[in-house]
Amino acid sequence: MNVFKIIDQADQQFSAVLNNRRVTLRLRYNKVLDRWMLDLSIDDVPVLNGRRIVAGLDLLRGFGFGVGAIVAYSPTGAAPGRSAFPLGTVKLYQVSADEMKAAA
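From a predicted model like this one, the values you see are computed outputs, not experimental measurements.

Caption draft 1: Inspection of the sheet that holds strand β6 (residues 69-73) at higher detail. Read across the open sheet, the 3 strands follow the order β1-β7-β6; overall the sheet is antiparallel. The outermost strands of the open sheet, each flanked by one partner alone, are β1 (2-4) and β6. Taking the axes of each pair of neighbouring strands and ignoring which way they run, one obtains an average angle of 30 degrees across the sheet. As judged from the 3 bridges shared by β1 and strand β7 (residues 91-95), these two strands associate in the antiparallel manner. What sits directly across from N2, in β7, is Q94.

Caption draft 2: Up close: the pattern of salt bridges. Tallied over the entire structure, the rule returns 5 salt bridges. With a shortest N-O distance of 3.1 Å, R21 and D43 are connected by a salt bridge. Highlighted residues: R21 in strand β3 (residues 21-30) and D43 in the loop between β4 (35-42) and β5 (45-52), separated in sequence by 22 residues. A relative accessible area of 30% means that R21 is categorised as partly exposed.

Caption draft 3: Focus on the environment of V47. The topology assignment puts V47 in strand β5. Taking C-alpha positions, V47 is 20 Å from N30, a pair spaced 17 residues apart along the chain. Non-local contacts of V47, meaning those with residues more than four positions away in its chain, are made with L40, S41, I42 and F65.

Parameters at a glance
Residues numbered from 1 in each chain as written. Predicted model: local features only at pLDDT ≥ 70, side-chain atom pairs only at ≥ 80, totals over all residues. Heavy atoms only, no water. Pairing = 2+ DSSP bridges. Helix = DSSP H or I, 4+ residues; strand = E, 2+ residues; numbered from the N terminus. Axes fitted to C-alpha atoms, helices over the stretch in contact; angles between N-to-C directions. Salt bridge = Lys/Arg side-chain N within 4 Å of Asp/Glu carboxyl O. Buried < 20%, exposed > 50% of the residue type's maximum accessible area, 1.4 Å probe, protein only. Contact = heavy atoms within 4.5 Å.

Written out as structure tokens, the structure is:
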């Protein structure tokens, strides 16, 4: 399991190696929706753009990217609003398929 450290910037990008593939995540805050949006590139190829981050949902489910799941989670049930990630109220995790099965 990986935990992504999200800072207090409305537009940020970081990369990780997940399942032997270079994955780049770009997070942008959408003021109108009061939500963060996810753009995803795998091996420098954009594969997902503007995916709304909703707590408790696998943001990659159904796409078959082969890099596991990316899930925003809050033990208090908080929504991933502007300050939730930087404050740590909501955290963004990458989990493998095996970890997802164990959690279900």
